[in-house]
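Listed here are the chains, written in short residue letters.
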Amino acid sequence: MESVTDYERQLAADMLETMYEARGIGLAATQVNKGVRVVVMDLSEGRDEPRFFINPEIVDRSGSQTCEEGCLSVPGIYAEVERAEKVTIRALDLDGEAFELEADGLLAVCIQHEIDHLDGKVFVDYLSPLKRRMVEKRLRKQQRAAKV
Ligand code: NI
């Protein structure tokens, strides 16, 4: 994506609303079935500091950290995932301007999690086969429960 159009701006605004309603801290366009590389996030306590990443890329990573993650696409499931401690991200903002951001801590975890979504990956993919089977079993139960 070389430029940002009204389509991405509207999508980002809609995604932000969806994310706030779901009380999430991040949302990727793939989670709302849109095949564009758009991510919205807000890690602030006041829920009033939205961040937008169009076509985000990790250009540098270092260290490692383990954090308990959850995901709006896998409700009710939380698991520890190991990721880079620090990442440098290159992306476009809503005006189509390129920017670079160095992130660590939760911000680094969240952006790695969201970029994974853009690449069709969810955090449970990182779990051991045994843990993943437990998660899948729980998800199937939830889905059955939701049908009644
Ligand atoms: Ni997620």
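Per-chain numbering applies: the sequence of each chain, read as written, is numbered from 1 onward. At least 70 in pLDDT is required for a residue's local features to be given in this predicted model, at least 80 for side-chain atom pairs to be given and counted, and no such filter applies to totals for whole chains, interfaces and linings, which use all residues. Only hydrogens and water are removed before side-chain values are computed, so all heavy atoms of the structure are retained for them.

## Observations concerning the nonpolar core
One broad rule of soluble globular proteins: the nonpolar side chains tend to lie buried together. Throughout, nonpolar core names a set of buried Ala, Val, Leu, Ile, Met, Phe, Trp, Tyr and Cys residues whose side chains join them through atoms within 4.5 Å. A 1.4 Å probe rolled over the protein chains alone gives each residue an accessible area, and that area as a share of the maximum for its type sets the label: buried under 20%, exposed over 50%, partly exposed in between. If you look at the biggest cluster of nonpolar residues, it comprises 16 residues, and the most contacted ones within it are V39, M41, F53, V87, I89, A103 and I111. At the level of elements, strand 2 (38–41), strand 6 (86–92), strand 7 (98–104) and helix 2 (105–118) are the ones that each hand at least two residues to this core. Sort the elements by how many residues they give to this core and helix 2 lands first, with six residues. Once residues lying within four places of it in the same chain are set aside, the contact partners of I89 are F53, P56, E57, F99, E100, L101, A103 and I111. Within the second largest apolar cluster, 14 residues are counted, among which are V4, L11, M15 and L27. Each helix is a run of DSSP H or I of at least 4 residues and each strand a run of E of at least 2, with the numbering of both proceeding from the N terminus. Between two residues, a contact is recorded if the distance between any of their heavy atoms is within 4.5 Å.

## Things to note about the pattern of salt bridges
A pair is scored as a salt bridge if a Lys or Arg side-chain nitrogen falls within 4 Å of a carboxyl oxygen belonging to Asp or Glu. Within this structure, the stated rule accounts for five salt bridges. Between D116 and R83 there is a salt bridge, and its shortest N-O distance comes to 3.0 Å. Remark: R83 occurs in strand 5 (residues 74–83) and D116 occurs in helix 2; sequence separation between them is 33 residues. Judged on exposure class, the residue D116 and its partner R83 are both buried. In this structure, R90 engages E100 in a salt bridge whose closest nitrogen and oxygen atoms are separated by 2.9 Å. Residue R90 is located in strand 6, and its partner E100 is located in strand 7; the two are separated by 10 residues in the primary sequence.

## Some points on the coordination of the nickel ion
Coordinating donors are taken as N, O and S atoms within 2.8 Å of the metal, stretched to 3.2 Å for Na, K and Ca; because water is absent from the atoms, sites can appear incomplete. Distances from the nickel ion to its protein donors, C71 (SG), H113 (NE2) and H117 (NE2), fall at 2.1 to 2.3 Å. Going along the chain, you hit the donors of the nickel ion in the pattern C-x41-H-x3-H. Residue C71 is found in strand 4 (residues 65–71), and its partner H113 is found in helix 2; the two are separated by 42 residues along the sequence. With respect to class, C71 is no different from H113; both count as buried.

## Overview of the sheet that holds strand 1 (residues 26–28)
Strands are labelled as partners when DSSP assigns at least two bridges between them. With antiparallel pairing, the five strands of this open sheet are ordered in space as 1-2-3-6-7. At either margin of the open sheet sits one strand with a lone partner, and together these are strand 1 and strand 7. Sheet twist, expressed as the mean angle between neighbouring strand axes with direction ignored, is 40°. Pairing between strand 6 and strand 7: seven bridges, direction antiparallel. Paired with V87 across the two strands is A103, which belongs to strand 7. To obtain each axis, a line is fitted to C-alpha atoms, and for helices this fit is confined to the stretch in contact; angles are then taken between N-to-C directions over 0 to 180 degrees. Against the sheet, helix 1 (residues 6–21) contacts strand 1, strand 2 and strand 3 (51–62), and its axis sits at roughly 40° relative to strand 2.

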